[in-house]
Amino acid sequence: MSSAANDSDVVPIAAAHTARQGAYRHADTSLSSPETSAKGKKSTPARKVRADALRMLGCVRIATVRQMAQVITAEDRDGRSYVRRAMKKLAELGLAETNGKAGRHPIWNLTPAGQKALADGNELPARPRAGTGAKAVKAGLGPHGVAVTDTILAYGSRAHLTDWQVEVNHAIKATGLSFNTDAVLALPTKTSEVRLFELDNGTMSQARLAKEVWDYERYAGHRVWEGARGTNGRTYPFWQRHRYTRSKTFPRLHVVLAGKAEHLLDNRLQALAADIRGITIAVWVNTLPRLQRGEPWYEIGVDDPHRRHERYPEPVGR
């Protein structure tokens, strides 16, 4: 379980900025490094490494060798050489490819054939609209995707890897509202079935970042009318009726800030808190460096369905 999975690991924005360090690290649930077998002989389970790499890319879409080794091999081992060999073989088989780099490191993604291999093997839940990520990398957007993968690994590593989806669309056709959530984690609780993640890699303006967060409140506030014609009927939250039907509360939004020096990320965090003051959905924010160190989140928005209902008008009855 990740450090962020517990509600106690959050502090108000007004709290001191020096959070505890190292107290929220998750347990090492990764695979053992392929070094020696039980009989003491050299053992290199290349097929298993390739299968794990395919599964990981099927979940996070794009990743570097460093990121894949972080999941596939033990925490105290440097398994990058095993992963490099595995990726070379997957490329020869036409199942994975590189289309760009993050710094000096190639960014890997599945090919359509790789996605089909996962689907044929029933390795992941069906995701028919999921892309390979190749277009994003070719367009120069690879660093953002790599940062999203870093966020996923920092939040839960291998423990919940197959429960993630990236670039998940949220839309309300009636209002024209449409946006993609960078990552969604299916982690059911008594009140909510998923957690939402938005990553800012330091490339958008502060105003744009605030607007993206407010879009979630607009999505949460939209209501739909239900009831037979000629009856009183009643309204329901759109998200609860048509999207997250098993949730009692609107999913918590986690905003992760990355891509800049840490003191600049701190400034950005404080500015975002000011820009969304009064929002009626639960919003937690953290910087990627702090998240990777296991430090707690800052709570800058609280779920308030009653105030949200007052803020957004009722739809006209039939």
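Structure's up top.
A short tour of the structure in this document, coming up. (Residues numbered from 1 in each chain as written. Predicted model: local features only at pLDDT ≥ 70, side-chain atom pairs only at ≥ 80, totals over all residues. Heavy atoms only, no water.)

### Side note on the sheet that holds strand β3 (residues 96-102)
- If you trace the three strands from one edge of the open sheet to the other, you get β2-β4-β3, paired in antiparallel fashion. Either end of the sheet is taken by a strand with one partner, and the two such strands are β2 (62-63) and β3.
- In this structure, β2 lies alongside strand β4 (residues 105-110), joined through two bridges in antiparallel fashion. Residue pairing in the sheet places Ile62 in a bridge with Asn109 of β4. (Pairing = 2+ DSSP bridges. Helix = DSSP H or I, 4+ residues; strand = E, 2+ residues; numbered from the N terminus.)

### Focus: the pattern of salt bridges
- Counting across every chain of the model gives 15 salt bridges.
- Linking Arg55 and Asp52 is a salt bridge whose minimum nitrogen-to-oxygen distance equals 2.4 Å. Of this pair, Arg55 and Asp52 both sit in helix α1 (residues 46-60), three residues apart, roughly one helical turn. We note that Arg55, like Asp52, is buried.
- We note a salt bridge from Arg66 to Asp150, for which the minimum N-O separation is 3.2 Å. You can see Arg66 sitting in helix α2 (residues 65-72) and its partner Asp150 sitting in helix α6 (residues 142-156), a full 84 residues away along the chain.
- Residue classification places Arg66 among the partly exposed residues on the basis of a relative accessible area of 40%.
- Using a relative accessible area of 11% as the deciding quantity, one classes Asp150 as buried. (Salt bridge = Lys/Arg side-chain N within 4 Å of Asp/Glu carboxyl O. Buried < 20%, exposed > 50% of the residue type's maximum accessible area, 1.4 Å probe, protein only.)

### As for the pairing of β3
- The pairing of β3 with β4 spans six bridges and is antiparallel. Each residue of the ladder has a partner; that of Gly100, found in β4, is Ile107.

### Quick notes on helix α9 (residues 262-275)
- Compared with the 20 Å implied by 1.5 Å per residue over 14 residues, the 20 Å span of α9 between its first and last C-alpha is a close match.
- If you check which residues of α9 are buried, you get Leu265, Asp266, Arg268, Leu269, Leu272 and Ala273. For α9, the angular spread of the buried residues around the axis is 160°, confining them to a single face.
- Taken together, the buried residues of α9 touch β7 (194-200), α7 (206-221), β10 (253-257), β11 (283-287), α10 (288-292) and β12 (297-301). (Expected span 1.5 Å × (residues − 1). Arc of directions from axis to C-beta. Contact = heavy atoms within 4.5 Å.)

### With respect to the packing of α7 against α9
- Between α7 and α9, the least distance of the axes is 10 Å, while the angle of their chain directions is 50°. As far as their axial angle goes, α9 and α7 are oblique. Considering the relative orientation of α7 and α9, their crossing is right-handed. From α7, Gln206, Leu209, Ala210, Val213 and Trp214 reach across to α9, where they touch Arg268, Ala271, Leu272 and Asp275. (Axes fitted to C-alpha atoms, helices over the stretch in contact; angles between N-to-C directions. Parallel < 35°, antiparallel > 145°, perpendicular 65-115°, else oblique. Left-handed = near helix turned anticlockwise from the far one by under 90°.)

### What about the environment of Tyr312?
- Within the secondary structure, Tyr312 sits in the segment after α11 (305-311).
- Measuring from C-alpha to C-alpha, the distance between Tyr312 and Arg218 comes to 8.1 Å, with 94 residues separating the pair along the chain.
- Ignoring any residue separated from it by four or fewer positions in sequence, one finds Tyr312 in contact with Glu217, Arg218 and Gly221.
- For Tyr312, the side chain forms a polar contact with the side chain of Glu217, separated by 2.4 Å. (Polar contact = N/O pair within 3.5 Å; in protein donor to acceptor, adjacent residues only side chain to side chain.)

### With respect to the side chain of Asp200
- Tracing the chain through its elements places Asp200 in strand β7.
- Excluding residues within four positions of it along the chain, Asp200 makes contact with Leu209, Val256, Leu257, Ala258 and Arg268.

Read these as layout, nothing more, since geometry by itself doesn't imply function.
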